[in-house]
Amino acid sequence: MKRFSLVLTGLILISFFSKGQNGSLNFKQISREMNTHFDTAGKQHTGYQQFKRWEWYNSTRLTPSGNIVDNFRMNNDALKTSTVARGAGGHVTEANTGSWTFLGPNDVNSSNKGIGRANRIAFHPTNPNTMYVAGATGGLWITTDNGANWYSYSEGIPNMCLSGVVVHPTNPNIIYILTGDGDATFGGAWDQFRYTKYSTGVLKSYDGGFTWYQTGLHWDETEAMVAYKLVIHPTQPDILMVATDDGIYRTTDGGNNWAQIENNIYFWDIEFHPTNPSIVYAVGNEMNVETRFYTSSNSGATFTETADFNWSSQSNWNRAAIAVSPNSSGSVFVLAGPATTTGNFRGFYRSTDGGDNFTLRTGSPNILGRNSLGNDAVDQERYDLCVAINPGNVNRIVTGGIRVWTSSNQGSSFAYQDNYVSSLDYYHDDIHDLVYHPTRSNEVWMCADGGVYRSLDNGGSWISVSGNLALTQYYKISANPASGGGNENVIIGGTQDNGTNKREISGGSTFNQIKGSDGMDCYIDPDNVSVYVVSIQDGEFYYSNNAGSSFETVCNPTTAGIALGTTVNGVWVTPVAEIAGTSLRFLIGYQPAVVALRLGANNYSFTNVGWSGRTFVKTARNNASRMYIGDNDFLNKNLIKTSTDGGNNWSTVLDENNFVPVTDLAFNPDNGNYIWITYGGYDDEKKVRYSSNGGSTWTNMTGSLPNVPVNCIVFDDNNGSPANAVYIGTDIGVFYRDDNLGDWIPYSNKLPVVEVTDLEIHETEGLLRAGTYGRGIWQSSLYNGCLTDVTLTTSNLSMFKPYYYQVSQTINSSAWHIGTGANVFYKAGIDINLTPGFIASPGPLAVFEARIGPCGGGVPGWSFAAPVPALKGFLKE
């Protein structure tokens, strides 16, 4: 065994996190510690963005005591105990339970073609045009036409975050997926806290991805398991292995039973030998100190350390990736980060003796950074690091970090590959996977923060092949309130990683990016629909008076604070709202909240409101005097204030001390004293509250809602017909209620099981839009009462999804209901006729129930575990 070392000075941090603690860690403590760290290290330090995303996401998904919770399990429990309508209604007019359609984006018509993060890719064993992509938060997607079109194949699974997918080499109906978002587990304060969406194990499908079963490898999210790589033995496919932060997990019986191999080692990558699969290579960190290379000669049953990279313990963690090629079966290559000094990185290494000894091929320039010359000291090696070698030519190598670099000499030198050459020759920053096509020479496929890309020339040029891959993570959306001329089609929205995107007047699912970076809150001004205000992370705002063709900078917390002579703070998603009557004034949810006034081009004045609006700011579109601001103060206090004179004077709407954060507010624009507020977290008795007297008293309107976070609420300004019609977006879909129903009903037919982060109503067109965190923007018609009769068939249903339906008289159904999570509920006042062709097939988490009874509110609940025969029968009320 050959040892070599590289001395590096780095940051040594004290850890307060250990595996298994996640469920008892207090969110506010973590937030305080991490923000203190980044106040010192700076917002440009490695890991800041990933932490702030984690903080934003988890701040409203906690226990009532403010601790981190296994939200995947909690949401899954809610799905199993209610029929939260997920499937398809039969016709466009069947809006009493929602009938959602996907609006986009499935393509971005600009030089920056990014639609959402894809983590891993796999290939069909015999069909060269079929590929499988694991999304960071959007589940599994499959294409059968070389990336022209993609289809979702994981609706209803409890954890839509994926870090791996493999396909059985002789039976492609068998697919395995690895849950969790391992690549998000990194940061400059690594030892202080690991922030991610943790793995809940491996799922298996026997029918090509329509139905999923939990294998024997299963963790609760509170166990804080991080998983990076899933591999399958090419000739003994019952053998699979998973590389995790606590060793390698291995099964020899197709996933029924798993054994832990080499525990207490943080494994980043694992690969089979290219021609002898009894040999397996792995790379990992032992005891947070040394990166070591491991080899197995018995298909992964045991591993032996064969090389010790022996980098200084001061460097703390180092991620590494492995690549092999059948063109040189005795060679093994390792790409290792992080960047060390300006123009240098840990190194690219080669072994010619099967991993016993490695030599450094090159450590410069820095191929992990942003600079095209490689002369920076930037990297994101714990977030994005991958390498691929041409299976027919070992000299050709493609590496991925923030950007792509390629080599034609086995890594002795690398060339930068530009991703902004043209709109047709583009790939998105932050590369998570690179894989050569198994049968087509020189063709490389990439998974990145912007989707899926393909190169036909060993990584020299790239094209987007994301098709209708719906993975966009929306924070907020806004719609043009005007109708006619296509104005009703216009929607803008802020997305993670992929800027602020715009759906144009022409409609369709192709969007344009109008602002880069991470897009946040935004609005289209109803007084002048050419005026847009958009923002990026931490509260930096931009103004456009030409419908997003160009923008001028409004402010950020620093510049606003200088103008006001006081300290101003923003949050990751800083809210903003227009002020009616002019296109020049708007309300920003800083701490304290600020009214911005445009005096002229690039010239603004600011007024200190005096109260914090970090959670939300709300204004009345027909009343410039009415404003609301809300702040949950990271769980200690919910404080909501209102002004009826344009912000000069404020009164208290809500002042409560608890750990259940208010997330949103809606009010009746005709009477601002009629207020609805929503709550995040997992307090099953506190989801929605209502006040008819401006907050003097409150009524709990939680009703039959499942115990999941409620993220947003909108009020339907329908002139009181029916009264108090509101829609809420939750982590598992949309719900609706009005005074006639008296309780909530599911309103998510055809909508994926995904976090709904924002809702918008287009009153003139009678449309409800939903921004989701991982599946793009969706649209449904508004609630239109209980239908009399309905006929459901396979042709007018999405058969692999759950759904809810109720009518006043008769349901006739010959539909198919199959797939994981296909909880199906029929309710009719007189008859339910199941005609020949009807199928409610068995499957995990799948239940069919039919009831005779009148239309009415109330989310149906199951008081029993899902039976293996999904057809439960009839229950009469």
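All values reported here derive from a predicted model rather than from experimental measurement. (Residues numbered from 1 in each chain as written. Predicted model: local features only at pLDDT ≥ 70, side-chain atom pairs only at ≥ 80, totals over all residues. Heavy atoms only, no water.)

A.B. asks: Just give me the short version of the overall build of the protein, but keep the residues and values in it.
C.D. replies: Helix and strand counts for the protein stand at four helices and 65 strands. Considering the protein as a whole, with its 877 residues, one finds that 64% of them fall into the buried category. The long-range share in the protein, meaning contacts at least 24 apart out of those at least 6 apart in sequence, stands at 53%. Accessible surface for the protein amounts to roughly 28000 Å². Of this, 47% is attributable to carbon and sulfur atoms. (Helix = DSSP H or I, 4+ residues; strand = E, 2+ residues; numbered from the N terminus. Buried < 20%, exposed > 50% of the residue type's maximum accessible area, 1.4 Å probe, protein only. Contact = heavy atoms within 4.5 Å. Areas by Shrake-Rupley, 256 points an atom, 1.4 Å probe, with all protein chains shown as cover.)

A.B. asks: So what's going on with the state of the cysteines? Which residues, and what values?
C.D. replies: The final tally for this structure, using the stated rule, is one disulfide. Each sulfur of the disulfide joining Cys 786 and Cys 855 lies 1.8 Å from the other. Within this pair, whereas Cys 786 is found in the loop between β57 (777-781) and β58 (787-792), its partner Cys 855 is found in the loop between β64 (848-852) and β65 (871-876), the two being separated by 69 residues in sequence. Residue Cys 855 is classed as partly exposed on the basis of its relative accessible area of 28%. Residue Cys 447 stays outside any disulfide, its sulfur separated by 8.9 Å from that of Cys 386, the closest cysteine. Classification of Cys 447 by relative accessible area gives buried; the value is 0%. (Disulfide = S-S within 2.5 Å.)

A.B. asks: Before we move on, could you go through the sheet that holds strand β36 (residues 532-536) and cite the residues and values that matter?
C.D. replies: Here we have four strands laid out as an open sheet, ordered β35-β36-β37-β38, and antiparallel in their pairing. Where the open sheet ends on each side, the last strands, each with one partner, are β35 (523-524) and β38 (552-555). Across five bridges, β36 lies against strand β37 (residues 540-544) in antiparallel orientation. Note on β37: the bridge partner recorded for Val 533 is Tyr 543. (Pairing = 2+ DSSP bridges.)

A.B. asks: I'd love a proper account of the pairing of strand β23 (residues 386-389), names of residues and values included.
C.D. replies: Here β23 shows a buried face lined by Cys 386 and Ala 388 and a second buried face lined by Val 387 and Ile 389. Taken together, the four bridges between β23 and strand β24 (residues 397-400) define a ladder with antiparallel strand orientation. Across the sheet, the residue bridging to Val 387 is Thr 399, located in β24.

A.B. asks: Please set out the nonpolar core residue by residue, giving values where relevant.
C.D. replies: The biggest cluster of nonpolar side chains holds 21 residues, and the ones touching the most others in it are Trp 100, Tyr 727, Val 734, Tyr 736, Tyr 747, Leu 759 and Leu 768. Elements with a minimum of two residues in this core: β51 (710-715), β53 (733-737), β55 (756-762) and β56 (767-772). Element by element, the count of residues in this core is highest for β55, at three residues. Each residue touching Val 734, except ones within four places of it in the same chain, is listed here: Trp 100, Tyr 727, Ile 728, Pro 746, Tyr 747, Ser 748, Leu 751, Val 756, Leu 759 and Leu 768. (Core = buried A, V, L, I, M, F, W, Y, C linked by side-chain atoms within 4.5 Å.)

A.B. asks: Describe in detail the pattern of salt bridges, supporting the description with residues and values.
C.D. replies: For side chains of opposite charge, pairing can occur when their charged atoms come near one another. Counted according to the given criterion, the structure contains 24 salt bridges. Note that Asp 269 is salt-bridged to Lys 229, the shortest N-O span being 2.7 Å. Separated by 40 residues along the polypeptide, Asp 269 in strand β15 (residues 265-272) and Lys 229 in strand β11 (residues 227-232) bring together distant segments of the chain. For the salt bridge of Arg 851 with Glu 849, the shortest nitrogen-to-oxygen distance reads 2.7 Å. Relative accessible area serves as the criterion here: at 22%, Arg 851 is assigned to the partly exposed category. Glu 849 gets classed as buried once you look at its relative accessible area, which sits at 2%. (Salt bridge = Lys/Arg side-chain N within 4 Å of Asp/Glu carboxyl O.)

A.B. asks: Before we move on, can you summarise unusual backbone geometry with the specific residues and values?
C.D. replies: The linkage connecting Gly 337 with the following residue, Pro 338, adopts the cis geometry, with an omega of 10°. Going from Gln 591 to Pro 592, the amide bond is cis rather than trans, its omega being 0°. Note that Pro 592 resides in the loop between β40 (585-588) and β41 (594-600). Positive phi outside glycine occurs at Asn 602, with the angle close to 60°. With respect to the secondary-structure elements, Asn 602 resides in the loop between β41 and β42 (603-608). Since its relative accessible area comes to 56%, Asn 602 is described here as exposed. Despite not being glycine, Lys 750 shows a phi value in the positive range, around 80°. Among the secondary structure elements, Lys 750 is positioned in the loop between β54 (745-746) and β55.

A.B. asks: How would you summarise the packing of helix α1 (residues 27-41) against helix α2 (residues 48-58) if you had to cite specific residues and measurements?
C.D. replies: Direction vectors running N to C along α1 and α2 enclose 155°, while the axes themselves pass 11 Å from each other. On the basis of their axis angle, the class for α1 and α2 is roughly antiparallel. Here α1 runs over α2; the crossing is left-handed. Contact residues: Phe 27, Ile 30, Ser 31, Met 34, Asn 35 and Phe 38 in α1; Tyr 48, Phe 51, Lys 52, Trp 54, Glu 55 and Asn 58 in α2. (Axes fitted to C-alpha atoms, helices over the stretch in contact; angles between N-to-C directions. Parallel < 35°, antiparallel > 145°, perpendicular 65-115°, else oblique. Left-handed = near helix turned anticlockwise from the far one by under 90°.)

A.B. asks: Break down α2 for me, with residues and values.
C.D. replies: Within α2, nine of the 11 residues are buried, which leaves the element mostly enclosed by the surrounding structure. Within α2, the full set of buried residues consists of Tyr 48, Gln 50, Phe 51, Lys 52, Arg 53, Trp 54, Glu 55, Tyr 57 and Asn 58.

A.B. asks: So what about helix α4 (residues 557-564)? Which residues, and what values?
C.D. replies: For α4, the set of buried residues is Pro 557, Ala 560 and Gly 561. End-on, the buried residues of α4 take up no more than an arc of 100°, which puts them together on one face. In α4, those exposed residues whose orientation departs by more than 90 degrees from the buried face are Thr 558, Ile 562 and Ala 563. A side-chain oxygen of the first residue of α4 lies 2.9 Å from the backbone nitrogen of Thr 558; this N-cap is Asn 556. (Arc of directions from axis to C-beta. Polar contact = N/O pair within 3.5 Å; in protein donor to acceptor, adjacent residues only side chain to side chain.)

A.B. asks: Now, about the sheet that holds strand β4 (residues 131-135): what can you tell me, with residues and values included?
C.D. replies: Strands pair in a sheet through their backbones, by hydrogen bonds, and they do so in one of two ways: parallel or antiparallel. Read across the open sheet, the four strands follow the order β3-β4-β5-β6; overall the sheet is antiparallel. Each end of this open sheet is capped by a strand with a single partner; those strands are β3 (118-123) and β6 (151-152).

A.B. asks: Describe the environment of Ile 745, with residues and values.
C.D. replies: In this fold, Ile 745 is placed in strand β54. A relative accessible area of 0% means that Ile 745 is categorised as buried. On a C-alpha basis, the gap between Ile 745 and Tyr 727 in space is 9.8 Å, while along the polypeptide they are 18 residues apart.

A.B. asks: Please set out the packing of aromatic side chains residue by residue, giving values where relevant.
C.D. replies: The tally for this structure, following the rule as stated, stands at 39 aromatic pairs. Considering the side-chain rings of Phe 27 and Trp 54, the 5.6 Å spacing of their centres and the 25° angle between planes classify their relative orientation as stacked. Here Phe 27, found in helix α1, pairs with Trp 54, found in helix α2; they are 27 residues apart in sequence, far enough to count as distant. Each of the two residues, Phe 27 as well as Trp 54, counts as buried. (Phe/Tyr/Trp six-rings, centres within 6.5 Å; stacked < 30°, edge-to-face > 60°.)

A.B. asks: Describe the environment of Ser 509, naming the residues involved and giving the relevant values.
C.D. replies: Residue placement: Ser 509 occurs in the loop between β33 (500-503) and β34 (510-515). Residues Ser 509 and Phe 102, spaced 407 residues apart in sequence, show a C-alpha to C-alpha distance of 8.0 Å. Once residues lying within four places of it in the same chain are set aside, the contact partners of Ser 509 are Leu 103, Gly 104, Pro 105, Asn 106 and Asp 107. In terms of polar contacts, Ser 509 uses its side chain to reach the side chain of Asn 106, at 2.7 Å.

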